[in-house]
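Close look at the chain arrangement
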Amino acid sequence: MTVYVIDDHPLMRDALTMLVHRVKPGLKIIPIHKLNVVESTVEKNGLPELFCLDLQLPDTLGMSGVQVLKAKFPNVPLAVVTSASASEFESRCLEAGANAFIEKSNSPTQIIAALRSLLITEEEEASDDAAPAGPTKLSKRQKQLILMLDQGLSNREIAEKLDISEHTVKVHFWRLFRRLGVNSRTQALHFARTNGWLGI
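Scope of this entry: the structure provided in the associated data block.

The rules behind each value
- Residues numbered from 1 in each chain as written.
- Predicted model: local features only at pLDDT ≥ 70, side-chain atom pairs only at ≥ 80, totals over all residues.
- Heavy atoms only, no water.
- Buried < 20%, exposed > 50% of the residue type's maximum accessible area, 1.4 Å probe, protein only.
- Helix = DSSP H or I, 4+ residues; strand = E, 2+ residues; numbered from the N terminus.
- Pairing = 2+ DSSP bridges.
- Right-handed = clockwise from strand over helix to strand, strands pointing away.
- Arc of directions from axis to C-beta.
- Contact = heavy atoms within 4.5 Å.
- Axes fitted to C-alpha atoms, helices over the stretch in contact; angles between N-to-C directions.
- Parallel < 35°, antiparallel > 145°, perpendicular 65-115°, else oblique.
- Left-handed = near helix turned anticlockwise from the far one by under 90°.
- Nonpolar A, V, L, I, M, F, W, Y, C, P; charged D, E, K, R; others polar.
- Phe/Tyr/Trp six-rings, centres within 6.5 Å; stacked < 30°, edge-to-face > 60°.

1. Let's talk about the pairing of strand S4 (residues 78–82)
- By the criterion of burial, S4 is predominantly enclosed, with five of the five residues buried.
- Along S4, one buried face is formed by Leu78, Val80 and Thr82 and the opposite face, lined by Ala79 and Val81, is buried too.
- Note: strand S3 (residues 48–53) against S4, three bridges, orientation parallel. From the neighbouring strand, Leu53 faces S4, where its bridge partner is Val80.
- In this view, the connection linking S3 to its parallel neighbour S4 by way of helix H3 (residues 64–72) has right-handed handedness.
- Bridging between S4 and strand S5 (residues 100–103) involves four bridges; their strand directions are parallel. Opposite Ala79, over in S5, you have Ala100 as the bridge partner.

2. Some thoughts on helix H2 (residues 38–45)
- Of all the positions in H2, only Val38, Thr41 and Val42 are classed as buried. One side of H2 carries all its buried residues, which in axial view fall inside an arc of 100°. The outward face of H2, more than 90 degrees from its buried face, is lined by the exposed residues Glu43 and Lys44.
- On its buried face, H2 sits against strand S1 (2–6), strand S2 (28–32), S3 and H3.
- Positive phi shows up at Gly46, right after H2, with a value of about 105°.

3. Side note on the environment of Phe73
- Position of Phe73 relative to the elements: it lies in the loop between H3 and S4.
- Residues Phe73 and Met63, spaced ten residues apart in sequence, show a C-alpha to C-alpha distance of 15 Å.
- If we skip the residues at most four places from it in the chain, Phe73 touches Val38, Glu39, Val42, Pro48 and Phe51.

4. Section: the packing of helix H9 (residues 166–180) against helix H10 (residues 185–194)
- Running from amino to carboxyl end, H9 crosses H10 at an angle of 50°, the nearest separation of the two axes being 10 Å. Put simply, H9 runs oblique to H10. Taken as a pair, H9 and H10 cross one another with a handedness that is left-handed. Listed contacts from H10 to Phe173, Phe177 and Leu180 of H9 are Arg185, Ala188 and Phe191.
- Looking at the contact of H9 with H10, its residues break down into five nonpolar, no polar and one charged.

5. Quick word on the sheet that holds S4
- Strand order in the open sheet formed by five strands is S2-S1-S3-S4-S5, and the pairing between neighbours is parallel. At either margin of the open sheet sits one strand with a lone partner, and together these are S2 and S5. For this sheet, the mean inter-axis angle between neighbouring strands, taken without regard to orientation, is 20°.

6. Section: the packing of aromatic side chains
- Following the criterion strictly, the structure yields three aromatic pairs and no others.
- Taking 5.8 Å as the distance between ring centres and 40° as the angle between the ring planes, the aromatic pair formed by Tyr4 and Phe51 counts as tilted. Of this pair, Tyr4 sits in strand S1 while Phe51 sits in strand S3, and the two are 47 residues apart along the sequence.
- Tyr4 sits in the buried class, given a relative accessible area of 0%.
- Ring-pair connections join several aromatic residues into one group, and the members of that group are Tyr4, Phe51 and Phe73.

Keep in mind that these numbers describe shape and distance, not what the molecule does.
Here's what the structure looks like:
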């Protein structure tokens, strides 16, 4: 799998490449300098595991980069890595579909932690990534999410119960859906019921 770093500043592309390698050394990382070559670059270099996107590219305006990437690659996680302030842009980026908002002014440790949440799953950390999905192969958090889905709780209610942010809930759901091979809450619930997981 491949990570695409989309930024028009060569120094920033190099810095992000280095940080991504520290999270997951074996990844192939492809630098891109503008948005309109993303599709052709993906065709040449393989499916994306993650996009790192600067908001301020020569061919984007405001949220347009986020919107274009999520429209074309809806199931690929997207980290906005930008010099724009979180207070002004974070909520707008997340609403547009971004999975993480990372300020370039953050320390390398903070940036690595944010990237890690998107690149390293709980299953991989347990060296269990190749195992087939099953109740015993789900993380404790994923089992909780399935039970809360069955209770009909919203992301906000789940966040309050687990004492985490709504954004973190979305990341957990993205991981769960990828793990199960589904695309929605309804499909995840159907999968869980079909496999007798509810009550686990």
